[in-house]
Structures are given as structure tokens and as C-alpha cells.
Amino acid sequence: MDRFSIATVDHFSIDIYIRYEMTKTLTEKTLLVKCENCGFYFVPQGKSDSKYCSRIKGNAEKPCSEIGAYRKYKKSITDERKYYISITKHYYYLVKNKQISKSDYCIWSEYAQSLYKKYKKKDITFQALKKWLDLDFDKAVKMQK
Ligand SMILES: [Zn+2]
């Protein structure tokens, strides 16, 4: 047998599996990595810098590779970015429900993005960005027309 599959591991103890992988690592010089999501040891496929395995842990619906990447992304988002995204999503929701027009949303969104870029470049403060984001939607759009 070339390699244990995840299903095979269930029939053996993790200990045996790890020993198998350790031996294989030493003989084949493959890198054994501990998954940052589930703690399971795995041999990275493709990208050798993979931090997450491809197994689906417990009741999860997605493999660690997807869950881990998403968690890392969520962790990296600042509160300021979350605030900006929440307002943007709120207005997008209103477009979907036809409570505001798509063209007005595009005007608002374009200006919001330009302000956010200015904030990222530290040309304006978050307070300045927030002040504009907190404006009444119609008023904010009218200012751009
Ligand atoms: Zn994992």
C-alpha cells in the first residue's frame, strides 16, 4: 500500500498512523505538517507551505483547508473594515429588496470605496470615513450627484 487514506486511519490508532508517517517522512524526506485547524498531521499536497489538511473534521461540512483559510481571513479583518463591510452589505441588501435603486447604490458604493481607499492610505481618518458612512443614504447619494 502506498499511503494510508483517511478511512484507513479510522481502523488503526492515530499513534500507528503517526509512526507510519514519521517513518515515511524519514525515508521519503516528505514534510509532515500539523494542521492548524484540527491538529491532525498530514503531508501537504501541491503547495508545500499548506497549513491545513484536506480532511473534514467531525461534523464540519467543509475541509480544514477551507475552514482554516476562512478563519484566518476573518481574524485578519480589522474592526474598521468590518464596519465598512457591514454598511455596504446593509445597502446591498436594500437594493436586493428594491428599497433603494441600484444606480444610487452604485453611486454610493463608488464613493464609499474611494473613501475607504483614502482611509487605507491614511489620507483621511477612520472618523472621517465613519462620518460619511453614517450619513443618511439619500443625503450621501445627493452629495455625489
Ligand atoms: Zn485539519
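Scroll up for the structure.
Q: Help me out: how do you make sense of the overall build of the protein chain in this one?
A: A tally of regular secondary structure across the protein chain gives 7 helices and 2 strands. The N-to-C order of helical and strand elements in the protein chain reads α-α-β-β-α-α-α-α-α. Taking all 145 residues of the protein chain together, the buried fraction comes to 8%. Residue pairs in contact within the protein chain that sit at least 24 positions apart in sequence constitute 26% of those at least 6 positions apart.

Q: Got a minute to help me understand helix α5 (residues 102-120) in this structure?
A: Spacing of three or four residues puts side chains on the same side of an α-helix, whose turn is 3.6 residues. With 19 residues, α5 extends 26 Å between its outermost C-alpha atoms, agreeing within 8% with the 27 Å of an ideal straight helix rising 1.5 Å per residue. The set of residues buried in α5 consists of Trp108, Ala112, Tyr116 and Tyr119. Seen along its axis, α5 keeps its buried residues to an arc of 70°; they face one direction. Projecting away from the buried face of α5 at angles above 90 degrees are the exposed residues Ser103, Cys106, Glu110, Gln113, Ser114 and Lys117.

Q: For this particular structure, what's the right way to read the packing of α5 against helix α6 (residues 126-133)?
A: The geometry of a pair of packed helices is captured by two quantities: the angle between their axes and the separation between those axes. Packing of α5 against α6 leaves a shortest axis separation of 9 Å and a crossing angle of 165°. Overall, the two elements α5 and α6 adopt an arrangement that is roughly antiparallel. Crossing hand, α5 versus α6: left-handed. Listed contacts from α6 to Ala112, Leu115, Tyr116 and Tyr119 of α5 are Phe126, Leu129, Trp132 and Leu133.

Q: Would you mind going over the packing of helix α4 (residues 79-96) against α5 with me for this structure?
A: Where α4 contacts α5, the two axes come as close as 10 Å, and the packing angle between them is 170°. The orientation of α4 with respect to α5, classified from their angle, is roughly antiparallel. Listed contacts from α5 to Tyr84, Thr88, Tyr91, Tyr92 and Val95 of α4 are Lys102, Tyr105, Trp108, Ser109, Ala112 and Tyr116.

Q: Any chance you could explain unusual backbone geometry here in plain terms?
A: With glycine set apart, most residues show a phi of negative sign, and most peptide bonds adopt trans. The phi dihedral of lysine 98 falls on the positive side, at around 55°, and the residue is not glycine. Relative to the helices and strands, lysine 98 is located in the loop between α4 and α5. Classification of lysine 98 by C-beta neighbours within 10 Å gives exposed; the count is 8.

Q: Could you clarify how one ought to interpret the environment of tyrosine 83 in this entry?
A: Note on placement: tyrosine 83 falls in helix α4. Tyrosine 83 sits 47 residues away from lysine 130 along the chain, and the two C-alpha atoms are 8.4 Å apart.

Here is what the cut-offs are and how they apply
- The numbering scheme is per chain: residues are counted from 1 as the chain's sequence reads.
- Local features in a predicted model are, by the rule used here, given only for residues with pLDDT of at least 70; side-chain atom pairs are given and counted only at 80 or more, and totals for whole chains, interfaces and linings are based on all residues.
- Numbering of helices and strands starts at the N terminus; helices are DSSP runs of H or I of at least 4 residues and strands are runs of E of at least 2.
- Burial is judged by counting other C-beta atoms within 10 Å of a residue's own C-beta: 20 or more means buried, 12 or fewer means exposed, and anything between counts as partly exposed, with every C-beta placed from the backbone.
- Residues are treated as contacting if the C-beta atoms built from their backbones sit within 7 Å of each other.
- Multiplying 1.5 Å by the residue count of a helix minus one yields the expected span of that helix.
- In this description, one arc is meant: the one made by directions from the helix axis to the C-beta atoms.
- Lines fitted to C-alpha atoms define the axes, with helix axes restricted to the stretch in contact, and inter-axis angles between N-to-C directions lie between 0 and 180 degrees.
- Geometric relationships in this document are graded by angle, where less than 35 degrees denotes roughly parallel, more than 145 denotes roughly antiparallel, 65 to 115 denotes roughly perpendicular, and other angles denote oblique.
- For any helix crossing, the convention is left-handed if the near helix is rotated counterclockwise from the far helix by under a right angle, and right-handed if that rotation is clockwise.

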